[in-house]
Each structure stands twice: as structure tokens, then as C-alpha cells.
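# Understanding the architecture of this molecule
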Amino acid sequence: MSRILTAEHIRKSFGKNTVLKDISLEVEKGDVVSILGPSGTGKTTFLRCLNYLEQPEEGKLTMGDVSVDFSHITKSEVQRLRRKSTMVFQQFNLFRNKNVLENVTEGLIYGYGKSEKEAEEIAMQELARVHMADYAKMYPSELSGGMQQRVGIARALAPRPDVILFDEPTSALDPELVGEVLDTIAEVATLGITMIIVTHEMHFAREVSSKVVFMSDGLVIETGKPEDLFTHPKEEKTQQFLQRMLKREEG
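These notes cover the structure that comes with them. (Residues numbered from 1 in each chain as written. Predicted model: local features only at pLDDT ≥ 70, side-chain atom pairs only at ≥ 80, totals over all residues. Heavy atoms only, no water.)

Right, let's get into the nonpolar core. By size, the foremost hydrophobic cluster in this structure holds 38 residues, and its most contacted members are Leu127, Ile153, Phe166, Ile185 and Met195. Among the elements that take part in this core, helix α6 (residues 175–189) stands out by supplying seven residues, more than any other. Every residue in contact with Ile185, bar those within four places of it in the chain, is listed here: Ile153, Phe166, Pro169, Met195, Ile197 and Phe204. Judged by nonpolar contacts, the second largest core, of 31 residues, contains Leu5, Ile35, Val66 and Val213. (Core = buried A, V, L, I, M, F, W, Y, C linked by side-chain atoms within 4.5 Å. Buried < 20%, exposed > 50% of the residue type's maximum accessible area, 1.4 Å probe, protein only. Helix = DSSP H or I, 4+ residues; strand = E, 2+ residues; numbered from the N terminus. Contact = heavy atoms within 4.5 Å.)

This brings us to the packing of helix α3 (residues 100–112) against helix α4 (residues 116–129). Running from amino to carboxyl end, α3 crosses α4 at an angle of 125°, the nearest separation of the two axes being 9 Å. Relative to α4, the element α3 is oriented oblique. Handedness of the α3/α4 crossing: right-handed. Touching Val100, Leu101, Val104, Thr105, Leu108 and Ile109 of α3 are Glu116, Ala119, Glu120, Ile122, Ala123, Met124 and Leu127, all from α4. In terms of residue class, the contact of α3 with α4 is built from ten nonpolar, one polar and two charged. (Axes fitted to C-alpha atoms, helices over the stretch in contact; angles between N-to-C directions. Parallel < 35°, antiparallel > 145°, perpendicular 65-115°, else oblique. Left-handed = near helix turned anticlockwise from the far one by under 90°. Nonpolar A, V, L, I, M, F, W, Y, C, P; charged D, E, K, R; others polar.)

Another aspect to go through is the packing of aromatic side chains. Scanning the model with the defined rule gives two aromatic pairs in all. Taken together, a centroid distance of 5.9 Å and an interplanar angle of 10° make the contact between Tyr52 and Phe70 stacked. Of this pair, Tyr52 sits in the loop between α1 (43–50) and β4 (58–63) while Phe70 sits in the loop between β5 (66–69) and α2 (75–82), placing them 18 residues apart in sequence. The residues Tyr52 and Phe70 share a single accessibility class, namely buried. (Phe/Tyr/Trp six-rings, centres within 6.5 Å; stacked < 30°, edge-to-face > 60°.)

We now examine the sheet that holds β4. Pairing is antiparallel in the open sheet, where four strands are placed in the order β2-β1-β4-β5. Two strands in the sheet have a free side with no partner beyond their single neighbour: β2 (17–28) and β5. Shown here is a sheet whose adjacent strand axes are inclined to one another by a mean of 10°, direction ignored. Strand direction decides the pairing type here: β4 and β5, joined by four bridges, are antiparallel. Counterpart to Lys60 in the pairing with β5 is Asp69. (Pairing = 2+ DSSP bridges.)

Everything listed here is a matter of geometry and, on its own, says nothing about what the molecule does.
As C-alpha cells, then:
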């Protein structure tokens, strides 16, 4: 396998509060990496640093053929880095005044220079993949949260990124809608697309991931294959967290 992402010593503070203390991560092409950990431990911040939605003070990042040093990054480097990944957000972040098809084509036309015809062809292909092609002319307000998130996934797939970042993609959904979104992500995982997923869904992370990362207090505490980390976690913080979360899911 070939390395597609290397993050080295990422550090990010908000005022005097250091949220990411020293985060490093290596991701191989085709990996599905789940990032687990308690709330407030910096998981989402780290994800947002990978496409510079948050600006780290320190650290280096290589994604595909783009390498940057966050201590002195240029505007053109930011643009090149952002083209390497797409993001699926907690709150869907769809344009309310545009229909489903337009939500997917917008970025392709204005961000990637595709013609309207080409953008629509790609969009319909990806909407079909997430079982939303029949809803192409509907607006976000006419869709359930689960359907909106599936449109968000189609939008993330459309530019054919090196990496798709998922920021707790089910956290804003009603419990009965969580399954359809997790099933969609599991289907996407079979395509060989590299994905990094911040999630609280333990069973999902165990089944879908090729690698699991446990974060706590702004640090990576433990990394491993899901069968190892879930069955024999080495660190006490990991053991306590998994015990608590798995008990909650079973309850």
C-alpha cells in the first residue's frame, strides 16, 4: 500500500487552551480510519486542520503530492491542500436555496471548473450511489436528516478526492435515521476510497475501519487494527472509554 496522508506534530490552540498538543497520524491509500475519543478531546479540530478549516500553529502535513508546513503556509498551498480532500459535516451544510442536484454540482462547476453538463453527469452518478437520484429536484427542507446527509456524502464523492473526511456524520440525526447513513458510508468504504471518520458509533467503527485511533486530551493515546484495539486495548484510558461506550450502545 502507498501512503496517502502523513500528519506530523500538529498543534492547535484557541487562545490559551491548547486543543491539539502533538498529533501525528499516517494513513495508507484505501484506509478507513476511525477516530474515537471523549467529547472535547480535539477530534473534530484535528479533522478540520487536515483541510485548513482550522489553522494549526505548528506541524507538517502531506496529502497526496501536496506537502505543507503549517508554521508558514502560503495561500496557494492552502488551495492545493483543500483540493485533496472533501468533508461530510455534522449538520449537512447543504445550500437551502438549491435543490439536491445543484448542491452536488455547485462545487464541481465553481471549485473544479467542470462544465454544467459534466457536473450533472457526475452528480447523478454519485446521487445514484447513495440512493438519492430520485430526489435530485427536491430541496433540503423536503428531505429527512438522513437523506440530507446522503446528499452530503454524494457531494463529497463527486470531486474524486484523495481523502474524504467525515465529522461525526450521524450526530445530528434522529436515532432511527442513523442506520441508513452508516450503511451508506459502509458502501462507500467498499470502493477503496480513503476515509477518516470521527465517530461515536463503536460497532460501526469496529466493522468498517481498517485502523482505529483513540484520542484523549489533545493527544493520540493508541492506534491499531479494530480487532486489536477493541479486544485488547493497551492503554487504561482506551479501556475505560471503550467499556463505557460499548455499554451505552448495548443499553
